[in-house]
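Fold and geometry: a report
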Amino acid sequence: MAFKSLHVDDETPFTTAPPSGFDTPYIDSSMPPTPGEGIHFTPKRAMTSFDNLVALANYQERLKDARRVVWRDRGEPVVEVETLRECFEHAARGGFRSGSLAFGIRACINLVLALIRIHRVPRDFRPALIRHAIFGEDTWRFAAMLGTFTSVYKFLINALPILIPALSPSKSSSAVDDESCDDLEAQLPTTSLVVPNNRRKTRLSLSARTQLILIRKQTRRWHAALAGAVAGGLAISWEKRSRRGLIAQQLFVRGLQGSYNSYTTRKGIRVPHGDVFVFTLACGQIMYAFLMRPDTLPRSYRAWIGQAGKIPAECVNMNLSLVREGKCDLSQLDRVLSFPDITPSNKAELLSFRRDYLDPPPPPEYIYRYVPCGAVHPALSACSSVPLDRFFAVFKWMLPIYGALHFIPPILFKWKNFLKDPGSVIVRAGLGSMRSSAFLGVFVVIYQTLFCYKHMLHRYLTKLKSGLIDSNAANAFFKLIPQSTVDLLISKASFMVLGLAAGLSLFIEEKRRRAELAMYVLPKGLESLWITLRGHGLVFRTGKWGETLLTAIGMALVMATYQNDPQHLSGLVRRIMYQFIGAN
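About the thresholds
- Residues numbered from 1 in each chain as written.
- Predicted model: local features only at pLDDT ≥ 70, side-chain atom pairs only at ≥ 80, totals over all residues.
- Heavy atoms only, no water.
- Axes fitted to C-alpha atoms, helices over the stretch in contact; angles between N-to-C directions.
- Helix = DSSP H or I, 4+ residues; strand = E, 2+ residues; numbered from the N terminus.
- Parallel < 35°, antiparallel > 145°, perpendicular 65-115°, else oblique.
- Left-handed = near helix turned anticlockwise from the far one by under 90°.
- Contact = heavy atoms within 4.5 Å.
- Nonpolar A, V, L, I, M, F, W, Y, C, P; charged D, E, K, R; others polar.
- Patch = residues over 30% accessible without salt bridge, like charges linked within 9 Å, V, L, I, M, F, W, Y side chains within 5 Å.
- Areas by Shrake-Rupley, 256 points an atom, 1.4 Å probe, with all protein chains shown as cover.
- Salt bridge = Lys/Arg side-chain N within 4 Å of Asp/Glu carboxyl O.
- Lys, Arg positive; Asp, Glu negative; His and termini not counted.
- Charge placed at Lys NZ, Arg CZ, Asp CG, Glu CD.
- Buried < 20%, exposed > 50% of the residue type's maximum accessible area, 1.4 Å probe, protein only.
- Arc of directions from axis to C-beta.
- pLDDT = per-residue confidence, 0-100.
- Phe/Tyr/Trp six-rings, centres within 6.5 Å; stacked < 30°, edge-to-face > 60°.
- Lys NZ or Arg CZ within 6 Å of the ring centre and 35° of its normal.
- Core = buried A, V, L, I, M, F, W, Y, C linked by side-chain atoms within 4.5 Å.

Comments concerning the packing of helix α13 (residues 330-337) against helix α14 (residues 344-358)
α14 packs onto α13 with a crossing angle of 160 degrees between their chain directions and a minimal axis gap of 10 Å. As far as their axial angle goes, α14 and α13 are roughly antiparallel. The handedness of the crossing between α13 and α14 comes out as left-handed. Contacts between α13 and α14 pair L330, L333, D334, V336 and L337 from the former with K347, L350, L351, F353, R354, Y357 and L358 from the latter. Its residues assigned to classes, the contact of α13 with α14 shows nine nonpolar, no polar and three charged.

Things to note about a positive patch on the surface
On the surface, K414, R428, R574 and R575 cluster together to form a positively charged patch. Mapped onto the secondary structure, R575 falls in helix α24 (residues 571-580). The exposure class of R575 is exposed, given its relative accessible area of 56%.

Quick word on the environment of A225
Relative to the helices and strands, A225 resides in helix α8 (residues 221-235). Sequence separation between A225 and M559 is 334 residues, and the spatial gap between their C-alpha atoms is 6.0 Å. The residues touching A225, leaving out its near neighbours within four places in the chain, are A556 and A560.

Things to note about unusual backbone geometry
Positive phi, close to 55 degrees, is recorded for H273, a residue that is not glycine. You can see H273 is positioned in the loop between α9 (241-267) and α10 (274-292). On the accessibility criterion, H273 (41% relative accessible area) is partly exposed. The phi dihedral of K310 falls on the positive side, at around 55 degrees, and the residue is not glycine. The residue K310 is located in the loop between α11 (299-309) and α12 (313-325) in this model.

What about α13?
All of the buried residues along α13 are L330, Q332, L333, V336 and L337. Buried residues of α13, viewed axially, fall in a sector of 155 degrees; they line one side. Against the buried residues of α13 lie α12, α14 and α15 (373-376).

A few points about the confidence of the model for the protein chain
Averaged over the protein chain, the pLDDT score is 79; the fraction of residues at 70 or greater is 78%. Throughout residues 1-32 the model reports pLDDT below 50, and contacts reaching past four residues in sequence, or to other chains, amount to 21 contacts. The model gives residues 34-41 a pLDDT under 50, and that stretch makes six contacts with residues more than four places away or in other chains.

A closer look at the packing of α10 against helix α22 (residues 511-535)
Where α10 meets α22, the closest approach of the two axes is 7 Å, and the angle between their N-to-C directions is 40 degrees. On the basis of their axis angle, the class for α10 and α22 is oblique. Between α10 and α22 lies a crossing of left-handed hand.

As for the packing of aromatic side chains
Tallied over the full model, the rule gives 14 aromatic pairs. Their ring planes at 10 degrees and their centres at 6.4 Å tell us that Y301 and W304 sit as a pair that is stacked. Separated by three residues within a single helix, Y301 and W304 lie in helix α11, roughly one turn from each other. Given the relative accessible area of 8%, Y301 is considered buried. Assessed through its relative accessible area of 34%, W304 is described here as partly exposed. Where F353 meets Y368, the ring centres are 5.8 Å apart and the plane angle is 75 degrees; that geometry is what we call edge-to-face. Linking F353 in helix α14 with Y368 in the loop between α14 and α15, this pair joins segments that are 15 residues apart in sequence. Three or more aromatic residues joined by ring pairs form one cluster here, namely F353, Y357, Y366, Y368 and Y370. Between the NZ or CZ atom of R106 and the centre of the ring of F142, over which it lies, the distance is 5.3 Å. The positively charged end of K454 is found above the aromatic ring belonging to F495, 4.4 Å away from the centroid.

A few points about the nonpolar core
Counting 53 residues, the largest nonpolar core has F279, F290, L291, Y447 and F451 as the members making the most contacts within it. Here this core gets eleven residues from one element, more than from any other, and that element is α10. Look past the residues within four positions of F451 in its chain and what remains in contact with it is L291, N319, V371, V376, F495 and L498. Membership of the second largest hydrophobic core comes to 25 residues, among which are A102, F149, A235 and I236.

Rendered as structure tokens:
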């Protein structure tokens, strides 16, 4: 007991003889201490601190293990499977995890949307609304879709090399063999310490080993494409038919994006401002369809375009019938004339158009074959007043929407950065919101300005050639232009040219957002183009299996890129695929 009560410092040896009855050796103070010798005791306070650190480390490790069930850490190694039974177990675990994660995400989104409009619902129905938002049919369908895709894909991508070993990646493929691993390791920084070859591999860092494993586990592209096609075609069947088209379109364009980036990188091809180029092509088709083929666009999307451009629906209907058929529905014209904010000059122009339509004047009087400008902007008399008015109207309308898109993600997903420097985050989000709102405002300004002025130019050149305007030295050249060339200004194709020009407004938007905006409008443009070509008998009909086929093709492209060249996919798609699929 006396010995236990004796206080001994960790770094101080005995300098006096120990009490009798103990076998502890005597240490002479005149002798220097020998390293590694002596008696050292850990204080109780240090032992307590050590125990606390161990407990904290265990607690943090349990938190990490729990977090990995929901969210994958970066650099997660590949799971090695060698038998079909292991493939099935690995796929079942992955499918259950993805389904649970999808259920939670969809339930949270539905709950937020329900809480936004819950004040409009009677109090007695609010519990049922919340219960349906969390456990409704849409939530289960979404979870079943992603769970099915993950489980089927994981099974096939790991089972195909086992079932068809003769076609598994060889040394000539993109996989890395043992010799190339040694070459990679030889490029690492070396030291003067000579290490045997069989031990050098164990000295790699965890990230380096993970990279080597990921490279080694690359599969043939057709393995990933086949697995993605089968899994995607089966998974999409869980969703409602009304939503399959939208999902299939997005997956298809994402697959096109990844495949295009991979191909151009391998071939050394670079298209300057390719995202703007794709955006302009899609907008050309969309704006043509909006005015000439509205049946090829979803009704909600047409309504949004009309609301964004502040264009009366009656104006769109009048222009469609005048350009395509040379006829005008006077009931639509009467509705525009009854607008309370129509200006007197615009009303006079439309009344004159109505009179000339019912009783055409003799040639060479000019006859409208398109909607008059008074119906395009009934509240503004002059076409020159349209650009400024439309810009600020669209800017003010879109600022709250883009503000939410720019402010919410940095605050929710980068909370630490926001707390560290909230001022810079707010300023950056504010500037981004104004920039995005200005982009859409300029888009509307370009289209409507060109719409009015191309019709004014057509009217001027036609009157000049008809002798209604006196010719002089300044306009003598324009009189020589054939009327067929002048009529191109009011042709159906001219509305597509206006859309191409308006698409250049994407240069105003931030560069990192351009590709996402291009990928947003591309499915709409491709769908409209497909329906238009199908109407001319240039493409085949897909029937009820069209969405399934498109999803299978899209996921084949996406997974072939993700499994071998994930850096060519967009960051959003790559992160989503990693969280649901993982390394394999």
